[in-house]
Amino acid sequence: AQKITQTQPGMFVQEKEAVTLDCTYDTSDPSYGLFWYKQPSSGEMIFLIYQGSYDQQNATEGRYSLNFQKARKSANLVISASQLGDSAMYFCAMREYYGNNRLAFGKGNQVVVIP
Amino acid sequence: DAGITQSPRHKVTETGTPVTLRCHQTENHRYMYWYRQDPGHGLRLIHYSYGVKDTDKGEVSDGYSVSRSKTEDFLLTLESATSSQTSVYFCAISEEGADSPLHFGNGTRLTVT
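Residues numbered from 1 in each chain as written. Chains lettered and ligands numbered in written order. Predicted model: local features only at pLDDT ≥ 70, side-chain atom pairs only at ≥ 80, totals over all residues. Heavy atoms only, no water.

(A) Representation of the packing of aromatic side chains within the structure. Residue and element names in this part refer to chain A. A complete count under the given rule lists 16 aromatic pairs over all chains for this structure. Ring centres of tyrosine 25 and tyrosine 32 lie 5.2 Å apart, and the angle between their planes is 55 degrees; this geometry places the pair in the tilted category. Residue classification places tyrosine 25 among the buried residues on the basis of a relative accessible area of 5%. Given a relative accessible area of 5%, tyrosine 32 falls into the buried group. (Phe/Tyr/Trp six-rings, centres within 6.5 Å; stacked < 30°, edge-to-face > 60°. Buried < 20%, exposed > 50% of the residue type's maximum accessible area, 1.4 Å probe, protein only.)

Right, dumping it as structure tokens:
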């Protein structure tokens, strides 16, 4: 069963605008971590931000923030003040405490920032 | 950046030949992973290792084997390459714990003709 769901089609966003990328997940493990990665056209996987299941506050990292709604099992990434360099694929991933330390990925969201 | 080196970066091989991809780390991390990335599928776990000589299967392990004889090296072998194994292969490393991110190598693009 798919544990991470990213269903948005490719998104176009105006430079300097904010964009929200949706991610829902499924787990019965009470302890887990949620991660977002960026993959630009050059192909490397870049770790952006982490949210723990017991964290009381939403994670933030520079222009990236995570809108964590535990009851709804969603962990949406918000990119503020988009820049041209934000054009990339974005992947949501989850690691369960009792899941043998494996990281399960969603299929990704394509973002294109237009000037 | 995490010290992860994948080799080769690109490879073209023929159907039926064995292929070995290498991942080398300098971070002394316990966990190492092999993923494949295909359009429309995201990243799928092939095999992973939680220590020297300790490995386990991921979701798409058929046709692949791995070995880890040293902490720093994790080898992925395609025993008899098929066209369906044409993909981009990523190695990743991490420390233990649900809060530890994976850090990825730059990937190996494999084409099986």
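(B) Quick look at the pattern of salt bridges. Here the structure, examined in full by the defined rule, presents eight salt bridges over all chains. Asp86(A) is the salt-bridge partner of Arg63(A), the closest N and O atoms lying 2.8 Å from each other. Placement of the pair is Arg63(A) in the loop between β7 (60–61) and β8 (64–69) and Asp86(A) in the loop between β9 (74–79) and β10 (88–96), with a sequence separation of 23 residues. Taking the relative accessible area as the measure of exposure, Asp86(A) reaches 2% and is therefore buried. Salt-bridge contacts for Arg22(B) lead to Asp73(B); the nearest nitrogen and oxygen are separated by 3.1 Å. Highlighted residues: Arg22(B) in strand β3 (residues 19–25) and Asp73(B) in strand β8 (residues 73–78), separated in sequence by 51 residues. Judged by relative accessible area, which is 8%, Asp73(B) ranks as buried. (Salt bridge = Lys/Arg side-chain N within 4 Å of Asp/Glu carboxyl O. Helix = DSSP H or I, 4+ residues; strand = E, 2+ residues; numbered from the N terminus.)

(C) Local environment of the interface of chain B and chain A. Contact residues are listed per partner, giving 24 residues for chain B and 21 residues for chain A. When the two sides are added together, the surface that chain B and chain A hide from each other amounts to roughly 1,700 Å², 56% of it contributed by carbon and sulfur. Where chain B meets chain A, there are zero salt bridges. For the interface between chain B and chain A, the tally reads eight residue pairs in polar contact (both at pLDDT 80 or more). The set of elements that each furnish at least two residues to the side of chain B that touches chain A consists of β4 (31–38), β5 (42–51) and β9 (87–94) of chain B. Classifying every residue of the side of chain B that touches chain A by side-chain character gives eleven nonpolar, nine polar and four charged. (Contact = heavy atoms within 4.5 Å. Buried area = accessible area lost by both parts, 1.4 Å probe. Polar contact = N/O pair within 3.5 Å; in protein donor to acceptor, adjacent residues only side chain to side chain. Nonpolar A, V, L, I, M, F, W, Y, C, P; charged D, E, K, R; others polar.)

(D) Quick look at the sheet that holds strand β1 (residues 4–7) of chain B. Residue and element names in this part refer to chain B. The four strands lie next to each other as β1-β3-β8-β7, forming an open sheet whose pairing is antiparallel. Two strands bound the open sheet, and with one partner strand each, they are β1 and β7 (64–70). Each neighbouring strand pair of the sheet contributes to a mean axis angle of 15 degrees, computed without reference to strand direction. Judged from the four bridges that link them, β1 and β3 form a sheet pairing that is antiparallel. In the strand pairing of β3, isoleucine 4 is matched with glutamine 25. (Pairing = 2+ DSSP bridges. Axes fitted to C-alpha atoms, helices over the stretch in contact; angles between N-to-C directions.)

(E) Highlighting the pairing of strand β6 (residues 46–52) of chain A. Pairing of strand β5 (residues 32–39) of chain A with β6(A) involves six bridges; the strand directions are antiparallel. Following the sheet pairing, Lys38(A) is matched in β6(A) by Ile46(A).

(F) Molecular detail of the state of the cysteines. All names here are of chain A. Within the structure shown, the criterion is met by two disulfides over all chains. Between the sulfur atoms of cysteine 23 and its disulfide mate cysteine 92 the distance is 2.0 Å. Handedness of the cysteine 23-cysteine 92 disulfide follows from its S-S torsion of about -65 degrees: it is left-handed. Highlighted residues: cysteine 23 in the loop between β3 (19–21) and β4 (24–25) and cysteine 92 in strand β10, separated in sequence by 69 residues. Across this residue pair, the class does not change: cysteine 23 and cysteine 92 are buried. (Disulfide = S-S within 2.5 Å.)

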